[in-house]
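Here are the chains, one letter per residue:
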Amino acid sequence: MKVQDIELPVLRMPYPVRLNPYLSVLRKETETWAREMGMLAGDEAPSARPIWTRSQFRAMAVDELTAWTLPDASLVSLRLNHRFNLWALAWDDYFASAFKQTGDLAGAHAFTARLHAFLPPEPDALLPEPANAIERGMADLQQRLFPPRLAHWRQGLNRALARYVDAGVQELVNSRAGRVPDLIEYAQFRRESFAAYTAPYSVELATGARIPERIRHSGTVCALLDAFMDYMGLANDIASYQREVHDEYDVNNLVVVLETSLGITVEEAMHAAADLVSARLRHFEHLIRNELPPLVSRAGLDQGERIELETWLRGAWSFLSGLHAWYTGAPRYAPGSGAH
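Thresholds applied
Residues numbered from 1 in each chain as written. Predicted model: local features only at pLDDT ≥ 70, side-chain atom pairs only at ≥ 80, totals over all residues. Heavy atoms only, no water. Phe/Tyr/Trp six-rings, centres within 6.5 Å; stacked < 30°, edge-to-face > 60°. Buried < 20%, exposed > 50% of the residue type's maximum accessible area, 1.4 Å probe, protein only. Lys NZ or Arg CZ within 6 Å of the ring centre and 35° of its normal. pLDDT = per-residue confidence, 0-100. Contact = heavy atoms within 4.5 Å. Helix = DSSP H or I, 4+ residues; strand = E, 2+ residues; numbered from the N terminus. Expected span 1.5 Å × (residues − 1). Polar contact = N/O pair within 3.5 Å; in protein donor to acceptor, adjacent residues only side chain to side chain. Axes fitted to C-alpha atoms, helices over the stretch in contact; angles between N-to-C directions. Parallel < 35°, antiparallel > 145°, perpendicular 65-115°, else oblique. Left-handed = near helix turned anticlockwise from the far one by under 90°. Nonpolar A, V, L, I, M, F, W, Y, C, P; charged D, E, K, R; others polar.

## Section: the packing of aromatic side chains
Within the structure shown, the criterion is met by 14 aromatic pairs. Taking the centre distance of 5.5 Å and the plane angle of 50° together, the rings of tryptophan 52 and phenylalanine 57 count as tilted. Pair check on accessibility: tryptophan 52 and phenylalanine 57 agree, each one buried. These aromatic residues form a ring-pair network of at least three members: Trp87, Trp91, Tyr94, Phe95, Phe99, Phe111 and Tyr164. Sitting above the plane of the tyrosine 197 ring, arginine 163 keeps its charged end 3.9 Å from the centroid.

## What to know about the confidence of the model for the chain
The pLDDT averaged across the chain works out to 90; a share of 92% of its residues lies at or above 70. Note on residues 336–340: pLDDT under 50 across the span, and 15 contacts to partners over four residues away in sequence or across chains.

## Examining helix α15 (residues 303–329)
Compared with the 39 Å implied by 1.5 Å per residue over 27 residues, the 39 Å span of α15 between its first and last C-alpha is a close match. Residue aspartate 302 occupies the N-cap position of α15, its side-chain oxygen lying 3.1 Å from the main-chain nitrogen of glycine 304.

## Some remarks on the packing of helix α4 (residues 75–100) against helix α7 (residues 154–177)
The contact between α4 and α7 brings their axes to 11 Å, and the two run at 20°. It follows that α4 is roughly parallel to α7 by the angle criterion. The two elements α4 and α7 cross, and the hand of that crossing is right-handed. Here Phe84, Trp87, Ala88, Trp91, Asp92, Phe95, Phe99 and Lys100 of α4 lie close against α7, whose contacting residues are Leu161, Tyr164, Val165, Gly168, Val169, Glu171 and Leu172. Of the residues belonging to the contact of α4 with α7, the class tally is 11 nonpolar, 1 polar and 3 charged.

Here it is in C-alpha cells:
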C-alpha cells in the first residue's frame, strides 16, 4: 500500500487473526441499528443529517472489525461491542466533519459538554433527550451497559469514553493553532484520542475474564496495559495517515509528530513510527513472557485466577491481531478511497 508515493511499512503481528462465528448475524443487524440511530442514510433514519452514505458505511468494514477483534465473544457480548464500535466511528466522523473541518471550537465544546451528560456514573441517572445521532446512539448504549453483570466496570468505561470525546476537542485546539504535540506528550494523549482506555473493558466483556484484582494495579500490569493500548492508536496513525493528514489536515498523528520533533522526512518518519509501534508490541510480549510469571508467583494467585488471567491475555492478543487485520484490509484506510 502506498500513501503519496510512500510505501507503508508492514507492521509485525505475531498473533493469528480469528473470526467470530456470529459475523453473519452482525451483518444482518448492523445497518438497521445505524439507521435507527440516524447515523446512516435511509428512509428509517430519524435524523435529517445522517453521518454516512451506504457506500461509506460499508467501506468501514466495522462488522469485520468486531468479529476479528473479539473472536470468542458470545452473540450478546459481540452485539454490544459492535454497537460501541459503530458509535465510536460515528462520533469520529461526525466530529471531523462538523468541527475539525470547520474549525468550530465553540461548537465542539458545546457538543462535547452535552455528551458528558450521556456518560453517567450510575445506571439510574436521567439522560437528556437526544438531539442528534451521536447522542441517540450513546443513550441506546447506556441502556445496555447497566445490567448487573456489567456493574463492576460501567463507571470505568464511561470515564474512558469521556476521555475519548474530550481528546477530540484537544485535537481541534492543536490543529487550529498548528501545534504539533511533542512525542512524550503524544504517546499518552493517543491512548485517550483513540479510545484505547475502553479496549480492556471490551476484552473483559468478550472473554468473561478479568485481570485478577491482586495484580491489577501492579506496575507490571499497568505497563502491560500501556503497551497494549499504545499499539492500537500508534499503529492506526500509520494506517490513517492519508485520511487524517492529507484529507483532514490534522496534526495529531504519530508520523507528523516524529517528522516535526526529529526534523526528518515524511518517509523517514513513517518508518520511525513503525519501529516505535513494533517496540511497543515487543514490550507487551516481554512483559507477558518475563515479568508477569514472577508477579503471579509472588502474588500467590490460585489456579482459577491464573486461568482467568490467561483467558484475558488471549483475548488481548486477539484484539490486537483483529485491529491489525482491519487496518491492513478495510477500505476505510485505503489511500484514495474517499472513505471517511
